[in-house]
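Tertiary structure, described
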Amino acid sequence: MSLFAQITFGTVLLGASAIIHVLVLFAVLPLLRRIAKLPIFKRDLPRIVGLVSMMLAAILASHGLQIWLWAAIWLGFGAFSELPTALYFSAVTYTTLGYGDIVLDPDIRLFATFSAVCGLLGFGISTAFLVGLVSRLLPDYFEE
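Keep in mind it's a predicted model, so treat the numbers as computed, not measured. (Residues numbered from 1 in each chain as written. Predicted model: local features only at pLDDT ≥ 70, side-chain atom pairs only at ≥ 80, totals over all residues. Heavy atoms only, no water.)

For the chain, the helix and strand inventory stands at four helices and zero strands. In the chain, the succession of helices and strands from N to C terminus is α-α-α-α. Relative to its length of 144 residues, the chain is extended, with a C-alpha radius of gyration of 18 Å against a globular reference of 15 Å. For the chain, the spread of C-alpha atoms along the principal axes amounts to about 55 × 30 × 25 Å. Here the chain, with 144 residues, has 35% of them falling under the buried criterion. In the chain, the share of contacts with a sequence separation of at least 24, taken over all contacts with a separation of at least 6, comes to 66%. Averaging the positions of the 8 positive and the 8 negative side-chain charges in the chain gives two centres separated by 19 Å. (Helix = DSSP H or I, 4+ residues; strand = E, 2+ residues; numbered from the N terminus. Rg over C-alpha atoms; globule rule 2.2 N^0.38 Å. Buried < 20%, exposed > 50% of the residue type's maximum accessible area, 1.4 Å probe, protein only. Contact = heavy atoms within 4.5 Å. Lys, Arg positive; Asp, Glu negative; His and termini not counted. Charge placed at Lys NZ, Arg CZ, Asp CG, Glu CD.)

Have a look at this one:
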């Protein structure tokens, strides 16, 4: 794959992954709002634990979806012949661990950096959502 193709396709996938991540997290917000109004969540501790746990589940699902998406792309490019190897490489690259035990061919190596940037961006967005949720659930702790 040419350098231009790697950059172009990588940028498109990076944008699509970020949009998927934000859409998943925003889709959960109305559900969280409805659940917060249930009688079981009238007390503070169950409400906070329940809502934060649900947001964490959505975050994990979104990251997992993106890791699977990148694994499918690696398989589609023929970078790997087995799903477990593609998933492993996708997860290690997405989380920026980068063990280095699996290395791509030089003609597609640059493309992997977009997966890493996608993970970094996704973790930043996830952190922002969690901070926003917790600051709404615990407003007294964030006031001076």
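Interaxial distance between helix α1 (residues 3–36) and helix α2 (residues 44–77) falls to 10 Å at its minimum, and their mutual angle equals 155 degrees. With respect to α2, the axis of α1 lies roughly antiparallel. For the crossing formed where α1 meets α2, the hand is right-handed. Class assignment for the residues of the contact of α1 with α2 results in 20 nonpolar, five polar and one charged. (Axes fitted to C-alpha atoms, helices over the stretch in contact; angles between N-to-C directions. Parallel < 35°, antiparallel > 145°, perpendicular 65-115°, else oblique. Left-handed = near helix turned anticlockwise from the far one by under 90°. Nonpolar A, V, L, I, M, F, W, Y, C, P; charged D, E, K, R; others polar.)

The subject of this paragraph is the nonpolar core. Counting residues in hydrophobic clusters, the biggest one holds 18 residues, and the most contacted among them are W70, W74, F80, F89, L104 and F111. Where this core is concerned, the elements lending two or more residues are α1, α2, α3 (83–94) and α4 (109–137). Of all the elements, α2 adds the most residues to this core, at five residues. Those residues in contact with W70 that sit more than four places away from it in its chain are L13, S17, S90, Y94, F111, F114, S115 and C118. Core analysis: the next-biggest nonpolar cluster, separate from the first, contains 15 residues, L25, I48, F129 and L133 among them. (Core = buried A, V, L, I, M, F, W, Y, C linked by side-chain atoms within 4.5 Å.)

With that settled, the discussion passes to unusual backbone geometry. Located in the positive-phi region is T96, a residue other than glycine, with phi close to 60 degrees. Among the secondary structure elements, T96 is positioned in the loop between α3 and α4.

Any functional reading would require information beyond the geometric quantities listed.
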